[in-house]
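So the chains spell out like this:
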2 protein chains.
Amino acid sequence: NRFHTLYASVANELVEVETRFRLELDSQHEMLRPLLLHGTQLGGKRLRPALLLLTARMCGAVNPDHIVLGAVIEMVHTATLVHDDVLDDAESRRHSPTINHRYNNHTSILLGDYLFAQSFRLAATLSSNRGCQVIGEAARKVCEGELRQTMLRGDVTLDEPTYFEILNDKTAELCRIACLLGAEYAGARPQHVEAIVQFGQALGMAFQVADDYLDLWGDDATIGKTLGTDLLQGKMTLPIIHLLNQSSTSQRAKVIAILEGPAEFRLQRLRPLLAASNSKQYTYDVATRFQSDAINCLDAFASSSAKDALLGLAELAVSRQI
Amino acid sequence: NRFHTLYASVANELVEVETRFRLELDSQHEMLRPLLLHGTQLGGKRLRPALLLLTARMCGAVNPDHIVLGAVIEMVHTATLVHDDVLDDAESRRHSPTINHRYNNHTSILLGDYLFAQSFRLAATLSSNRGCQVIGEAARKVCEGELRQTMLRGDVTLDEPTYFEILNDKTAELCRIACLLGAEYAGARPQHVEAIVQFGQALGMAFQVADDYLDLWGDDATIGKTLGTDLLQGKMTLPIIHLLNQSSTSQRAKVIAILEGPAEFRLQRLRPLLAASNSKQYTYDVATRFQSDAINCLDAFASSSAKDALLGLAELAVSRQI
């Protein structure tokens with residue numbers, strides 16, 4: 001797939017991360033093995049370890065700490081996926097059954113906890129406390145973002161600044177620290193660390209806004225989930241927030257009535273209103289702006305195959321259909 | 001209450017732990033504050049921080065690291081309580097509404113995750129990696145124990161050794177590391193560390209076996225939950241495992257039929273069979289044996305008020321009704 005093609009310059013190191021990830025999710029208890037193995041297969045793109053390794057390569061060299069950190073960050077990400085699938089009552093993820101669907105919600109909750117715990121156990125094997133600190137703080141931010149999003153489901157008064165704050169915590173944070181740790185553990189200069197951290201954060205935002213876009217206007221055969229899932233779950237996304245913001249009082253009331261009405265009709269009823277608005281273009285423009293921000297951050301670095309790959313990831317963030 | 005009376009020699013330090021715990025569960029986001037505050041109030045006995053502080057006091061002196069570690073361990077414990085209440089669909093805990101009852105399951109899952117993440121973030125502020133390592137590994141073990149218990153619900157073939165293994169992971173482990181960290185961070189000698197670790201583990205087992213006992217033969221007005229909850233949830237506990245083990249083939253079939261029958265009749269239908277067996281005495285004896293093991297471990301230590309308090313906790317483990 002297009003992501004893995006971009007990862008070519010760190011392909012061997014990604015295999016090491018993958019091996020470590022699977023090794024750490026082995027258990028002495030036979031009965032837990034199929035479950036844990038299923039857990040390792042949930043993430044697809046391995047975006048965060050790839051970001052970490054490409055950053056390390058661009059800033060210096062990949063070392064054994066990076067392999068551990070790559071496995072740790074993918075474990076934290078997988079833990080959030082497992083719990084997200086419970087929250088969303090999802091049946092499949094990337095065309096595979098979710099843990100809650102194959103097993104049950106109890107098992108999913110505990111598997112997510114296991115992944116969190118194991119990620120910290122692994123982070124604590126690093127020589128310095130720095131990795132634990134960064135990862136602990138990031139995990140807290142991700143949970144805070146997810147908590148706020150959950151508590152604000154169906155809240156039609158959610159404004160853009162709050163929405164961006166939540167995205168920043170729940171999605172961009174892990175991309176940001178993937179870059180931070182990749183650079184720091186490669187001994188990058190402070191200006192370079194700063195630049196790549198900005199890159200990671202902007203990239204994460206671009207991915208998430210593009211996800212909001214794809215949920216309404218993507219190609220459901222390739223995105224691997226049903227269109228309108230966010231609407232079904234009462235998640236306020238950028239296109240909807242924008243539609244509400246630029247509506248007249250009477251149209252606003254109409255949109256709110258649809259959002260508060262039966263979940264299964266929301267997408268179909270909003271389609272004409274969205275089509276008559278500029279929400280589609282607006283959302284695309286916002287995603288593109290984050291993408292440009294990310295690309296500009298890379299000006300600080302000399303040309304290299306790793307830099308080209310990071311530029312390619314920024315391109316894909318918006319142009320992908322998966 | 002009787003627990004807090006025992007904690008008198010570390011009362012001030014426990015207040016410091018409590019303050020730190022609440023401080024760490026504050027948020028800049030107004031909307032999260034009531035939820036996080038509710039989270040701090042779920043645990044009741046503060047058994048694990050008390051074990052840690054009393055051990056530190058018995059082995060030497062309490063220092064600032066112990067305060068941090070006490071807050072960390074209580075956070076991990078609270079995270080498991082919050083997720084347990086979702087798994088058990090519990091409405092109240094110690095006469096207060098659970099998070100899943102007051103809010104909902106989504107919020108509970110995320111609050112538990114938040115507590116896990118925050119505990120590791122806090123552990124990473126310690127000067128050495130040791131705390132993170134011990135706590136990460138213990139959290140992993142707790143999750144492993146909980147996962148096995150969940151996957152074995154309703155499995156009438158569960159044997160005693162496996163049952164004890166699961167208890168050891170899911171319950172005794174946090175008591176064990178409370179003692180371990182209390183002693184190590186007080187600079188205790190290796191033999192003392194070893195003795196107190198054995199104490200913590202045996203104490204945790206005594207508490208859990210006593211819980212199994214109280215679930216069937218406790219006083220429901222004082223234990224703060226409905227009798228027979230374990231049976232309702234299909235959890236195999238020691239009295240039931242023993243009943244099955246010492247039954248004739250025909251009685252075994254009868255017990256299994258009850259366990260696999262409607263949940264609401266299990267307690268009432270098993271009562272006469274339990275009464276005709278020695279399961280009550282057997283379970284009590286096992287709890288008492290763990291209690292004695294714990295008490296014997298304290299022989300290694302000179303008399304002190306902290307040692308007396310630890311002896312008192314071992315007494316309470318079996319004699320309490322809460």
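On a predicted model such as this, the values are computed, not experimentally measured, just so you know. (Residues numbered from 1 in each chain as written. Chains lettered and ligands numbered in written order. Predicted model: local features only at pLDDT ≥ 70, side-chain atom pairs only at ≥ 80, totals over all residues. Heavy atoms only, no water.)

Bringing the nonpolar core into the picture now. With 233 residues, the main nonpolar core has A:L51, A:F199, A:L270, B:L51, B:F199 and B:L270 as its most contacted residues. Tallying contributions element by element places helix α10 (residues 190-217) of chain A first for this core, with 15 residues. The contact partners of B:L51, leaving out residues within four places of it in the chain, are B:C175, B:A178, B:C179, B:F199, B:L203, B:L310 and B:L313. (Core = buried A, V, L, I, M, F, W, Y, C linked by side-chain atoms within 4.5 Å. Buried < 20%, exposed > 50% of the residue type's maximum accessible area, 1.4 Å probe, protein only. Helix = DSSP H or I, 4+ residues; strand = E, 2+ residues; numbered from the N terminus. Contact = heavy atoms within 4.5 Å.)

Between its first and last C-alpha, helix α7 (residues 105-123) of chain B extends 27 Å over 19 residues, near the 27 Å set by a 1.5 Å rise per residue. Sitting at the head of α7(B), B:N104 places a side-chain oxygen 3.1 Å from the backbone nitrogen of B:H106. (Expected span 1.5 Å × (residues − 1). Polar contact = N/O pair within 3.5 Å; in protein donor to acceptor, adjacent residues only side chain to side chain.)

What follows is about the relation of the copies chain A and chain B. The two copies are related by a screw motion: chain A maps onto chain B through a turn of 180° and a shift of 0.0 Å along the axis, at an RMSD of 0.0 Å. Taken together, these values place the two copies in the relation of a two-fold axis. Within chain A, the C-alpha atom positioned nearest to the axis of rotation is that of A:N129, 2.9 Å from it. A shared binding surface is used by both copies, with 100% of the interface residues of chain A retained as interface residues in chain B. (Least-squares fit on C-alpha atoms with pLDDT ≥ 70 in both.)

Residue and element names in this part refer to chain A. The topology assignment puts F164 in helix α9 (residues 160-184). Once the C-alpha coordinates of F164 and M205 are considered, the two residues, 41 residues apart in sequence, prove to be 8.2 Å apart. Every residue in contact with F164, bar those within four places of it in the chain, is listed here: M205, V209, L238, V286 and F290.

Next up on the list: the pattern of salt bridges. A complete count under the given rule lists 30 salt bridges over all chains for this structure. Its salt-bridge partner being A:R33, residue A:E30 comes within 3.2 Å of it at the nearest N-O pair. We classify A:R33 as partly exposed; its relative accessible area is 31%. B:R176 is the salt-bridge partner of B:E173, the closest N and O atoms lying 3.1 Å from each other. Within this pair, B:E173 and its partner B:R176 are both found in helix α9 (residues 160-184), separated by three residues, close to a single helical turn. Like B:E173, the residue B:R176 is buried in the burial classification. A cluster of three or more residues bridged by salt bridges with shared partners is formed by A:R20, A:E24, A:R121, B:E137, B:R140 and B:E144. (Salt bridge = Lys/Arg side-chain N within 4 Å of Asp/Glu carboxyl O.)

Residues and elements named next belong to chain A. Non-glycine residue R46 carries a positive phi angle of around 50°. Structurally, R46 can be placed in the loop between α3 (33-40) and α4 (47-59). A relative accessible area of 9% places R46 in the buried class.

With that settled, consider helix α8 (residues 130-151) of chain A. Owing to its 3.6 residues per turn, the α-helix brings residues three or four apart onto one side. An ideal rise of 1.5 Å per residue puts 32 Å on 22 residues; α8(A) measures up with 32 Å between its terminal C-alpha atoms. Where burial is concerned, most of α8(A) is hidden: 17 out of the 22 residues are buried.

Checked against the element boundaries, A:L152 lands in the loop between α8 and α9. The spatial distance from the C-alpha of A:L152 to the C-alpha of A:I256 is 15 Å, given a sequence separation of 104 residues. Excluding residues within four positions of it along the chain, A:L152 makes contact with A:L158, A:T162, A:I166 and B:M31.

If you look at the interface, chain A gives 44 residues, while chain B gives 44 residues. Approximately 4000 Å² of surface area, both sides summed, lies buried where chain A meets chain B, with 73% of it carried by carbon and sulfur atoms. Seen at the junction of chain A and chain B, the total is two salt bridges. Between A:E137 and B:R121 there is a salt bridge, and its shortest N-O distance comes to 3.6 Å. If you look at where chain A meets chain B, you find 14 residue pairs in polar contact (both at pLDDT 80 or more). Elements supplying a minimum of two residues to the side of chain A that touches chain B: α5 (64-87), α7 (105-123), α8 and α9 of chain A. Examining the composition of the side of chain A that touches chain B, we find that 13 residues originate from one element, α8(A), more than from any other. When grouped by side-chain class, the residues that make up the side of chain A that touches chain B number 21 nonpolar, 13 polar and 10 charged. (Buried area = accessible area lost by both parts, 1.4 Å probe. Nonpolar A, V, L, I, M, F, W, Y, C, P; charged D, E, K, R; others polar.)

Now for the state of the cysteines. This structure, assessed with the given rule, holds zero disulfides over all chains. Left unpaired, A:C175 is separated from the closest cysteine sulfur, that of A:C179, by 7.2 Å. Here B:C297 stays free of any disulfide, with the sulfur of B:C179 as its closest cysteine sulfur at 9.6 Å. Judged by relative accessible area, which is 18%, B:C297 ranks as buried. (Disulfide = S-S within 2.5 Å.)

This part takes up the packing of aromatic side chains. Residue and element names in this part refer to chain A. In the structure shown here, the tally under the stated rule is 11 aromatic pairs over all chains. An angle of 65° between the planes, with centres 5.2 Å apart, marks the rings of Y163 and F164 as edge-to-face. You'll find Y163 and F164 in the same group, each marked buried. The lysine or arginine in question, K45, covers the ring of F3, its NZ or CZ lying 5.7 Å from the ring centre. (Phe/Tyr/Trp six-rings, centres within 6.5 Å; stacked < 30°, edge-to-face > 60°. Lys NZ or Arg CZ within 6 Å of the ring centre and 35° of its normal.)

With that settled, consider the side chain of A:D212. Residues and elements named next belong to chain A. Assignment of secondary structure puts D212 in helix α10. One buried charge, D212, has no salt-bridge partner; the nearest side chain with opposite charge is K170, at 6.6 Å. From its side chain, D212 meets the backbone nitrogen of L238 in a polar contact 3.2 Å long. If we skip the residues at most four places from it in the chain, D212 touches Y163, D230, T237, L238 and P239. (Lys, Arg positive; Asp, Glu negative; His and termini not counted.)

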